[in-house]
Amino acid sequence: MDLADIAQAAGLRTPIRHQLFINGRFVDAQSGETMPTLNPHDNSRIADVAMAGAADVELAVQAAEAALPKWSRMAAMDRGRILLKLADLIEGNAEELARLESLDTGHPIRDSRMLDVPRTAVTYRYFGGMADKFQGEQIPVEVGFLNYTLREPVGVVGQVVPWNFPLMFTSWKMAPALAAGNCIVLKPAEITPLSSLKIAELMAEAGMPEGVVNILPGLGTVAGQAIAEHDRISKIAFTGSTATGRRIVQASAGNLKKVQLELGGKGANIVFEDANLLAAVNGAAWAIFHNQGQACIAGSRLVLHEKIADAFLEKFIPLARSIRLGNPLDPHTEMGPLTSLQHRDRVLSYVEVARSQGGEVLSGGKAPTGDLANGCYVEPTIVRASGWRDRIAQEEVFGPFVTVLTFKDDQEALQIANSTEYGLGGGLWTNNLQRAHKFARDMKSGMVWINCYKRVNPGSPFGGSGMSGYGREMGFDAMREYTQVKSIWVNVDAQIAPHYARP
Ligand code: NAD
């Protein structure tokens, strides 16, 4: 099938963009090289996408540098207006974006429609509104002086986005950076570049000046590395694996660029004996199985009080088994494929890891057969670990794979929750107010959800500590990340101490 037939079969009305977006135009890579992006439902080829190299990164940086003076000095309200227009265009093209995202990533279409696309629009709208509300301060210093701060954009920023939520994560990165007046060189993941190229098209339609946003699909080790190393890029924001995060920190050292990292996680989802059991069961399923478990904040460790563990699993296991796997474009599908075959195999390898350390597979643990055998599918998988030190209780699996652990008292629950090198997201289910707040305080976690899980909002800071990285996306914190403070002193009517005064 050619590209037009593929688009038609997926219900798309507009052509699939497959070139780099540099200086407001879609162009081929300098080398002419392309890379395929596949449909994870059956591993068929969707499109050959231009593959950026270091020469394209250089062109994008030049375009961003040229656009920076005007964009950064434009009235903040006018920058915001373009982002607000973009949010409207995303809503106007919601079905198109949802289908494209599902085709390229495997997200069930109901999730793309209900979550990815609306959350993306809301993020651009929130930061569009933020553009003219984020401001400096006046500091009460010594008499006779006026001291105030300016919040200046960092400059040309590099952004490297992963494949698990390409549309949404692109908005989390681009919206605050643009609201603050920065220009962008963004690299989507090589296996999921399509939705960010569609956003580039909508950006142009919203009136984004040429060169402000440049989108460069390409390999991490080539284009990503070139962005991380580039000495005229002032900041890099990255979401992805801890191993790549470490490489980015090393590559950034040349020009000491500012670094922001959203890395892995191993979320503890703790269910106490007094919890509303049904709410906790449903919440735990959402926490791990949404997006096939490919989320850094997934509730991938289910930590159950031993008194209710059996009752919990009696409900949780049948729920997991009843989840409908299928073609992401089918509206009845509840869980789609993982995003690549390589990743599916990595997730399945953890079943053997579990068994080798005495883990017990309670449900799933394999790829489905039949119609879905050619895709990147994994059954919802529940594994009881032999202890919190097991690899499946420590390492990020990043799939529909939940590790069950049990505890006997609050102290042990907290010890288990804080036992990994990560510190991103975690949740707890209890009706005990004091316990809830104590755990929220004591959990080593950038985000804590009480009687809910995996809530995100553009106003609420998102990020972690330890091997989960540093910096925060969303809210006022994101604006701080994308600006630098300048302190300005004015002598209004002060008598300056004449230390070195001469007559
Ligand atoms: P990755 O970190 O290698 O890829 C994420 C992004 O980084 C992609 O855009 C990739 O092209 C880019 N990249 C890769 N090497 C780079 C380099 N040297 N310099 C700059 N950019 C580079 O992730 P992966 O290998 O695709 O997935 C492996 C594991 O990472 C997953 O199984 C999961 O545990 C974790 N992961 C976490 C997240 C998250 O949201 N925190 C997202 C994706 C993957």
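What you are looking at is a predicted structure, and each value in this text was computed from that prediction instead of being measured. (Residues numbered from 1 in each chain as written. Predicted model: local features only at pLDDT ≥ 70, side-chain atom pairs only at ≥ 80, totals over all residues. Heavy atoms only, no water.)

**As for the sheet that holds strand S20 (residues 483-491)**
Put simply, the rule is: Two strands pair if DSSP finds at least two bridges between them. Numbering of helices and strands runs from the N terminus, with a helix taken as a DSSP run of H or I at least four residues long and a strand as a DSSP run of E at least two residues long.
If you trace the 3 strands from one edge of the open sheet to the other, you get S5-S6-S20, paired in antiparallel fashion. Among the strands making up the open sheet, the edge pair consists of strand S5 (138-139) and S20. Relative to strand S6 (residues 145-153), S5 is paired through 2 bridges, and the arrangement is antiparallel. Bridged to Ile139 within S6 is Asn147.

**As for the sheet that holds strand S15 (residues 381-384)**
For the record, the criterion: To obtain an axis, a line is fitted to C-alpha atoms, over the contacting stretch when the element is a helix, and the angle between two such axes runs from 0 to 180 degrees between their N-to-C directions. Residue contacts are defined here by distance: any two heavy atoms, one from each residue, within 4.5 Å place the two residues in contact.
Read across the open sheet, the 7 strands follow the order S14-S15-S16-S13-S12-S17-S18; overall the sheet is mixed. Each of the sheet's edge strands pairs with one partner strand only, and the pair in question is strand S14 (360-363) and strand S18 (447-450). For this sheet the average axis-to-axis angle between neighbouring strands, irrespective of direction, equals 25 degrees. By the bridge criterion, 4 bridges tie strand S17 (residues 425-429) to S18 in an arrangement that is parallel. Looking at the pairing, Gly427 lines up with Trp449 of S18. The sheet contacts of helix H13 (residues 410-417) involve strand S12 (268-271), strand S13 (301-305) and strand S16 (401-407), and relative to S16 the element is tilted by about 150 degrees.

**A look at the environment of Ile496**
Rules: Only protein chains enter the accessibility calculation, which uses a 1.4 Å probe; a residue is then buried when its area is under 20% of its type maximum, exposed when over 50%, and partly exposed in between.
Its place among the elements puts Ile496 in the segment after S20. Overall, the relative accessible area of 60% leaves Ile496 in the exposed class. When the C-alpha atoms of Ile496 and Gly144 are compared, they prove to be 9.3 Å apart, with 352 residues separating the residues in sequence.

**Considerations on a nonpolar patch on the surface**
Formally: Nonpolar side chains (Val, Leu, Ile, Met, Phe, Trp, Tyr) are joined into patches within 5 Å and like charges within 9 Å, using only residues with over 30% relative accessible area and no salt bridge. Reported accessibility uses the Shrake-Rupley method at a 1.4 Å probe radius. Residues are deemed covered only where the shown protein chains occlude them. We define a salt bridge as a side-chain nitrogen of Lys or Arg found within 4 Å of a carboxyl oxygen belonging to Asp or Glu.
Taken together, Leu146, Val490 and Val492 make up a surface patch of nonpolar side chains, about 210 Å² in accessible area. With respect to the element layout, Val492 can be found in the segment after S20.

**Let's talk about the site of the ligand**
Selection rule: Any residue with a non-hydrogen atom lying within 4 Å of a molecule or strand is treated as near it. Any pair of nitrogen or oxygen atoms within 3.5 Å is treated as a polar contact; in protein, a donor-acceptor pairing is required on top of that, and neighbouring residues in sequence qualify only through side-chain atoms on both sides. Using protein atoms alone on a 1 Å grid, points that fit a 1.4 Å probe yet trap it form a cavity, whereas open point sets bounded by protein on both sides within 12 Å along at least five of seven lines form a pocket; residues with an atom within 4 Å of a point count as lining. Each molecule is assigned to a cavity or pocket provided more than half of its atoms lie within 2 Å of the corresponding grid points.
In the vicinity of the ligand there are 26 residues, among which Trp163, Lys187, Glu190, Ser241 and Glu396 approach most closely. With respect to the ligand, the backbone of Gly220 contributes an N or O atom lying 3.3 Å from an oxygen atom. Gly240 has a polar backbone atom sitting 3.4 Å from a nitrogen atom of the ligand. A total of 810 Å² of accessible area belongs to the ligand in isolation, and the protein chains cover 88% of it. According to the grid-proximity analysis, the pocket containing the ligand is the largest pocket. The set of elements that each furnish at least two residues to the shell around the ligand consists of helix H8 (220-229), strand S10 (235-239), helix H9 (242-252) and helix H12 (341-356).

**Focus on helix H14 (residues 433-442)**
Stated precisely, the cut-off is as follows: This arc is built from the directions going out from the helix axis to the C-beta atoms.
Arg435, Ala436 and Phe439 are the residues of H14 that are buried. Buried residues of H14, seen end-on, are gathered within an arc of 100 degrees and therefore sit on one face of the element. Pointing more than 90 degrees away from the buried face of H14 are the exposed residues Leu433, Gln434 and Arg441. Backbone nitrogen of Gln434 and a side-chain oxygen of the N-cap are separated by 3.1 Å at the start of H14; the cap is Asn432.

**Details of the packing of helix H3 (residues 76-92) against helix H7 (residues 194-206)**
Two measures define how a pair of helices packs: the angle their axes make with one another and the distance between the axes. Put simply, the rule is: The scheme is simple: roughly parallel for angles under 35 degrees, roughly antiparallel for over 145, roughly perpendicular for 65 to 115, oblique for anything else. Handedness of a crossing follows from how the near helix is turned relative to the far one, being left-handed for an anticlockwise turn of less than a right angle and right-handed for a clockwise one. Gly is placed with the polar residues, together with every amino acid not listed as nonpolar (Ala, Val, Leu, Ile, Met, Phe, Trp, Tyr, Cys and Pro) or charged (Asp, Glu, Lys and Arg).
For the pair H3 and H7, interaxial distance at closest approach is 9 Å and the crossing angle is 125 degrees. The orientation of H3 relative to H7 falls into the category oblique. The two elements H3 and H7 meet at a crossing, and its hand is right-handed. Where H3 approaches H7, its residues Ile82, Lys85, Leu86, Leu89 and Ile90 are matched on the opposing element by Ile199, Leu202, Met203, Glu205 and Ala206. Here the contact of H3 with H7 is composed, by residue class, of 8 nonpolar, no polar and 2 charged.

**Structural notes on the pattern of salt bridges**
Tallied over the full model, the rule gives 30 salt bridges. Asp88 serves as the salt-bridge partner of Arg125, at 2.8 Å between the closest nitrogen and oxygen. Of this pair, Arg125 sits in helix H5 (residues 109-130) while Asp88 sits in helix H3, placing them 37 residues apart in sequence. Among the residues examined, Arg125 registers a relative accessible area of 29% and is labelled partly exposed.

**Here we look at the packing of helix H6 (residues 166-179) against H7**
With their axes 9 Å apart at the nearest point, H6 and H7 run at an angle of 40 degrees to one another. In terms of their interaxial angle, H6 and H7 are classed as oblique. Here H6 runs over H7; the crossing is right-handed. Along its contact with H6, which presents Pro166, Leu167, Thr170, Met174 and Leu178, the element H7 presents Ser195, Ser196, Ile199 and Met203.

**Focus: the domain arrangement of the chain**
What counts is decided by this rule: Domains are outlined according to an automatic or database domain assignment.
According to the domain assignment, the chain consists of domain 1 (3-37 + 44-263 + 468-487) and domain 2 (268-450). For domain 1 versus domain 2, the separation of C-alpha centres amounts to 31 Å. With 24 residues of domain 1 at the interface, the matching set in domain 2 holds 25 residues. For the pair domain 1 and domain 2, the interface holds 7 residue pairs in polar contact (both at pLDDT 80 or more). For the side of domain 1 that touches domain 2, the secondary structure elements donating two or more residues are helix H4 (94-105) and H5.

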